[in-house]
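Chain by chain, the residues run as shown.
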Amino acid sequence: MLPLLLSGGCLRVHGVKVTRFTCRDDPEAAARLGFGGPLGHRPRIVRPGGPVRAWGPVVRLLAEHLAVPLDEVSETYELCPAPEDIGSVAKGTLAGLRFQVSGVLRGRPVITVEHVARLRADIAPHWPAPPPGGTGGHRVEIDGEPPWRMDLAGPAAADPAAATALRMVSAVPAVAEAPPGLHTPLTLPPFTGRRRLR
């Protein structure tokens, strides 16, 4: 929703990028992201086709509502080693992961969803940094006239699953009242934290 709202303030849009930042050292995240594994081994989360299956629908939804006829959706990834032993993660093993899913138009990525995950905040300093004041969050960037950038830091940095689940819970009344069929956040009325202010 946020990239689409920001794009409404542009005369022209050349590209859209959404980045999610996480800094996780808990065992569940380490296993899912492959932290501590050898750099020569491709983590499960970025196995061929995985990122496009997980994040491609977001890219396609943005493209649909921006009326961009994508030629393809592609995926890339980068790995970064631990500079030293960090807990159970040995020096030289995986401690940072960055992947992108991009909607491509005429050979150029125009809509990109990116995930930057670090075991520790100082890993991969050459990658994009999270919003000021935190080790996680989200960033929305519109390359346009004028350009826009929105940084969001919040509980998603500490527990992204909870933030995602709460968004779905907030949608339940709107989905229950909607006519039968397939819906997206853009075919439903806005759902907010109505009646949650105490």
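So, a few notes on the structure that sits alongside this text. All values reported here derive from a predicted model rather than from experimental measurement. (Residues numbered from 1 in each chain as written. Predicted model: local features only at pLDDT ≥ 70, side-chain atom pairs only at ≥ 80, totals over all residues. Heavy atoms only, no water.)

**Comments concerning a nonpolar patch on the surface**
Here is step 1 of the chain: A contiguous nonpolar surface patch, about 340 Å² in accessible area, is contributed by Met1, Leu2, Leu5 and Leu152.
Here is step 2 of the chain: Positionally, Leu2 belongs in helix α1 (residues 2-7). (Patch = residues over 30% accessible without salt bridge, like charges linked within 9 Å, V, L, I, M, F, W, Y side chains within 5 Å. Areas by Shrake-Rupley, 256 points an atom, 1.4 Å probe, with all protein chains shown as cover. Salt bridge = Lys/Arg side-chain N within 4 Å of Asp/Glu carboxyl O. Helix = DSSP H or I, 4+ residues; strand = E, 2+ residues; numbered from the N terminus.)

**Some words on the pattern of salt bridges**
Here is step 1 of the chain: Summed over all chains, the structure comprises eight salt bridges.
Here is step 2 of the chain: The shortest N-O distance in the salt bridge between Arg12 and Glu145 comes to 3.1 Å. Remark: Glu145 occurs in strand β5 (residues 137-145) and Arg12 occurs in strand β1 (residues 12-23); sequence separation between them is 133 residues.
Here is step 3 of the chain: For the salt bridge of Arg139 with Asp151, the shortest nitrogen-to-oxygen distance reads 2.6 Å. Remark: Asp151 occurs in strand β6 (residues 148-152) and Arg139 occurs in strand β5; sequence separation between them is twelve residues.
Here is step 4 of the chain: Arg139 gets classed as buried once you look at its relative accessible area, which sits at 6%.
Here is step 5 of the chain: Here the salt bridges do not stand alone but share partners, grouping Lys17, Glu78, Arg98 and Glu114 into one network. (Buried < 20%, exposed > 50% of the residue type's maximum accessible area, 1.4 Å probe, protein only.)

**Some remarks on the sheet that holds strand β3 (residues 94-105)**
The strands making up a sheet associate through backbone hydrogen bonding, with each pair oriented either parallel or antiparallel.
Here is step 1 of the chain: The mixed open sheet is built from six strands, whose spatial order is β2-β3-β4-β1-β5-β6. Where the open sheet ends on each side, the last strands, each with one partner, are β2 (72-81) and β6. Direction aside, the axes of adjacent strands within the sheet are offset by 15° on average.
Here is step 2 of the chain: With nine bridges joining them, β1 and β5 adopt antiparallel strand pairing. (Pairing = 2+ DSSP bridges. Axes fitted to C-alpha atoms, helices over the stretch in contact; angles between N-to-C directions.)

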